[in-house]
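# Structural description and commentary
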Amino acid sequence: MTNRKSTKRALLGSVMAMVLCLAMLVGATFAWFTDTASTGVNKIQSGKLDVALEMKDAAGQWVSAEGKTLDFVKAADAKGEAILWEPGCTYTLPELRVVNNGNLALKYMIKITGIKGDAKLNEAIEWTIGDVAMGAEQHLKAGESNEFTIKGHMKESAGNEYMDLTISGISITVYATQDTVESDSFNNQYDKNAAYKGTQEFTEGTHTLSNGVVALNPNDIAVKASGSDTNVTITGGYYDGGNGGNNICVYAMDGATVTIQGGTFTVGSDASGTGNSVVESNGGNIVIEGGFFYTNYNWRGFYYVLNQKNNNPGTITVKGGTFVNYDPSQGDDNLGGSFVADGYSVVSEKHGDDTWYTVVKGTGVIPGTQEDLNSAITDSTNKDITVVMPADQTLTLDSGIANEGAKARNITFVGDGTQTVDVITEAVSAEGGQLNYQRGSTFTFENVTVQAGEGNFDGIVCDELVYRNCTIKGKLTLYGKATFINCTFDNTMANQYSIWTWGGTDVTFEGCTFNTNGKAILLYGQATAANPTDLVVNNCTFNDRKSGAAGKAAIEVGNDYNATYTLTVNHTTVNGFAAGKNTGSHLWANKNSMDAAHLTVTIDGNKVQ
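Read on for a plain summary of the structure. Please read all numbers here as calculations on a predicted model, not as lab measurements.

With that out of the way, let us pick up the overall build of the chain. Looking only at helices and strands, the chain has 3 helices and 58 strands in total. Evaluated residue by residue, the chain yields a buried proportion of 47% over its 609 residues. Put simply, of all contacts in the chain between residues at least 6 apart along the chain, 65% involve residues at least 24 apart. As presented, the chain carries roughly 27200 Å² of accessible surface, and 46% of it is formed by carbon and sulfur atoms.

Here it is in structure tokens:
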């Protein structure tokens, strides 16, 4: 890997460029000349992202609501009465709408922010926007608007502790960013990770973030969660706490729970140029399962990547993730202890002047050689082993090294996309194929290339396989439970499938892309009614370079063994495959005319067989 600082700067520059500037090529014409290879581009026009919040005035006209003070509405026969909140009451604000005044599609969230006064009172109030929850992500195309009414309902369970409290001011903020609607020369996914700007604050309810947040001002917090009824899960994206004051990237307080499963998290310096906290708990509960965490600024030589309030620490539990120049097993700088969960360990690796600490399940190993890997597997007293592969490394999975009984292991290979795990070279010739015997074991592959075989029965014989964000080359035949998440199947073979279910039981593909010469998935094997093969394919794309020349649909279903299958497909795109036998569908074929007693097929919620 390259030096972390230069890499980060390049990555951050790329991310911010995508977030802050969207350039579209429109009306392009090309003029080719015989004496040169020049091309003329007619026009480059950037898009405009512009969102507005409007309200209906007393005359029923839409006017800007930005900077206005809104009053809660009383019933028609009770105008003039004081507005006093009590358990069970519901008040509404005047009708509002969000307007997309730009020429780009956008997604947005509406939040209650900037509570002034007794914030505790807000814990007893449930806010909704029309028929959706406060903070739910919504979408608007260019020129569209969405009308809604904000309602506040005081919970019937609110007790005396909420009496005589006052909230003197509440801000309603619309956060907007670009949406995956317009296409560039390839698709409409280039802005799927566009980050929201400003603090994302949550005071109740369950929320999921995946698009990132960039704080703008000194003393800002990118993601702030408070209240014991608040649960926030972060699954991905870029999160920057900003700089210039007491800035924080992720902050949990007053019993709130924040779970971080993925993403990149950072924070800048305070006004004096010294370090801030990337993640901090002030009476909150933070669980970290993955992600990349760093700051370039320290205070007295300590990088506050994870931090607890000294007099109200809450909890921080780490089960995954990589932390730059900070070891989570050392805990808080003042309170000590360890943030690493039981059953997990820390491995470290130098990257230029920095040290990266990665938390892994079980025993962690960074193998320098193939012998290091094999010894770590065979010598470990812990059944759980995580292999953190150095950049550009290639390792083999040797048949039998974790096969049955006391040798069985739960092994995870983790990379950054530059590594390869070869599961075929050290397999053995048996049962008509090249088989890698690891019975009793489970294997997880994350962010690596998996080199598979090319024969009909080539594969890993084990209890369970999980592939996340992997590139899979060649063909895999399955012999147990298997899950593929956000994987790319790079199949250049002239006449072979990427996947043959064969001995697979529960087989799931989520968000995968199949690049093939006309053969992708073959649902075929010796499944029985008592032990069927259940194949689930969600949000996947199937590409056939040969435009159907192989005569196959994307998912071929075959049966020579009186087998029993269920096939469930949702939100799938098929490009170039042939119409399937007995179905006419480019998505699936019933090539052996299986009846409904042996084959159940559901597509986008509709049972078709």
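Another aspect to go through is the sheet that holds strand β11 (residues 145-148). Pairing is antiparallel in the open sheet, where 4 strands are placed in the order β4-β3-β6-β11. Pairing within the sheet leaves two strands with one partner each, and these edge strands are β4 (62-64) and β11. Taken pair by pair, the neighbouring strands of this sheet meet at an average axis angle of 30°, ignoring direction. Relative to β4, strand β3 (residues 51-56) runs antiparallel, the two being bridged by 3 bridges. Across the sheet, the residue bridging to Glu54 is Ser64, located in β4.

Another point: the packing of aromatic side chains. Counted under the stated rule, the structure contains 27 aromatic pairs. Between Phe489 and Phe514 the ring centres are 4.3 Å apart and the planes differ by 0°, which places this aromatic pair in the stacked class. Taken together, the residues Phe489 in strand β46 (residues 488-490) and Phe514 in strand β49 (residues 513-516) connect sequence positions 25 residues apart. Judged by its relative accessible area of 0%, Phe514 falls in the buried class.

Further remarks concern the sheet that holds strand β38 (residues 433-437). Taken in spatial order, the 3 strands of this open sheet run β37-β38-β41, and their pairing is mixed. Of all the strands in the sheet, the pair left with one neighbour each is β37 (428-430) and β41 (459-461). Averaged over all pairs of adjacent strands, the angle between strand axes in this sheet comes to 50°, irrespective of strand direction. Here β38 pairs with β41 via 3 bridges, running parallel. Opposite Leu435, over in β41, you have Gly459 as the bridge partner.

Any two side chains of opposite charge can pair, so long as their charged atoms come close to each other. Tallied over the full model, the rule gives 5 salt bridges. As a salt-bridge pair, Lys56 and Glu95 come within 3.5 Å of each other at their nearest N and O atoms. With Lys56 in strand β3 and Glu95 in the loop between β5 (90-92) and β6 (96-100), this residue pair connects regions lying 39 residues apart in the sequence. Its salt-bridge partner being Lys155, residue Asp229 comes within 3.3 Å of it at the nearest N-O pair. Of this pair, Asp229 sits in the loop between β18 (221-226) and β19 (230-234) while Lys155 sits in the loop between β12 (150-154) and β13 (167-178), and the two are 74 residues apart along the sequence.

Turning to empty space enclosed by the protein, a few remarks are in order. Overall, the coordinates contain 1 cavity of 30 Å³ or more when judged by the stated rule. Of the pockets and cavities examined, the largest cavity occupies roughly 30 Å³. Every residue lining the largest cavity is listed: Ile460, Cys462, Asp463, Glu464, Leu465, Leu478, Tyr479, Gly480, Lys481 and Ala482. Of all the secondary structure elements, the ones that give two or more residues to the lining of the largest cavity are β42 (464-468) and β45 (481-485). Of the residues assigned to the lining of the largest cavity, the class counts are 6 nonpolar, 1 polar and 3 charged.

Only one face of strand β8 (residues 125-129) is buried, namely the one carrying Ile125, Trp127 and Ile129, since none of Glu126 and Thr128 on the opposite face is buried. Note: β8 against β12, 5 bridges, orientation antiparallel. Residue pairing for β12: Thr128 is matched across the bridge by Lys151. Relative to strand β9 (residues 132-133), β8 is paired through 2 bridges, and the arrangement is antiparallel. Residue pairing for β9: Ile129 is matched across the bridge by Val132. Where β8 folds back on β9, the antiparallel hairpin that results is connected by 2 residues, among which Gly130 adopts a positive phi of roughly 65°.

A few words on the environment of Phe484. Structurally, Phe484 can be placed in strand β45. The buried category is assigned to Phe484, whose relative accessible area is 0%. Separated by 40 residues in sequence, Phe484 and Thr444 place their C-alpha atoms 9.9 Å apart. Those residues in contact with Phe484, other than ones at most four positions away along the chain, are Tyr467, Ile472, Leu476, Leu478, Phe489, Ile499, Thr508, Phe509, Glu510 and Cys512.

Glancing now at the side chain of Asp220. Topologically, Asp220 is positioned in the loop between β17 (213-214) and β18. Salt bridges are absent for the buried Asp220, whose nearest opposite-charge side chain, Lys224, sits at 9.5 Å.

The biggest cluster of nonpolar side chains holds 64 residues, and the ones touching the most others in it are Phe445, Tyr467, Phe484, Phe509, Ile521, Phe542 and Ile555. Per-element tally for this core: the top contributor is strand β50 (residues 521-525), with 4 residues. With sequence-adjacent residues up to four places away left out, Ile555 is seen in contact with Ile521, Leu535, Val537, Phe542, Leu567, Val569, Leu587, Trp588 and Ala589. Within the second largest apolar cluster, 33 residues are counted, among which are Phe202, Val213, Ile288 and Val305.

A positive phi angle, close to 55°, is found at Asn447, a residue other than glycine. One can find Asn447 in the loop between β39 (442-446) and β40 (449-451). Despite not being glycine, Asn469 shows a phi value in the positive range, around 55°. Of note, Asn469 is situated in the loop between β42 and β43 (471-473).

Procedures and definitions
- Residues numbered from 1 in each chain as written.
- Predicted model: local features only at pLDDT ≥ 70, side-chain atom pairs only at ≥ 80, totals over all residues.
- Heavy atoms only, no water.
- Helix = DSSP H or I, 4+ residues; strand = E, 2+ residues; numbered from the N terminus.
- Buried < 20%, exposed > 50% of the residue type's maximum accessible area, 1.4 Å probe, protein only.
- Contact = heavy atoms within 4.5 Å.
- Areas by Shrake-Rupley, 256 points an atom, 1.4 Å probe, with all protein chains shown as cover.
- Pairing = 2+ DSSP bridges.
- Axes fitted to C-alpha atoms, helices over the stretch in contact; angles between N-to-C directions.
- Phe/Tyr/Trp six-rings, centres within 6.5 Å; stacked < 30°, edge-to-face > 60°.
- Salt bridge = Lys/Arg side-chain N within 4 Å of Asp/Glu carboxyl O.
- 1 Å grid on protein atoms, 1.4 Å probe; cavity = no way out; pocket = protein on both sides within 12 Å on 5 of 7 lines; lining within 4 Å.
- Points joined across faces, edges and corners; volume = space filled by probe spheres on them.
- Nonpolar A, V, L, I, M, F, W, Y, C, P; charged D, E, K, R; others polar.
- Lys, Arg positive; Asp, Glu negative; His and termini not counted.
- Core = buried A, V, L, I, M, F, W, Y, C linked by side-chain atoms within 4.5 Å.

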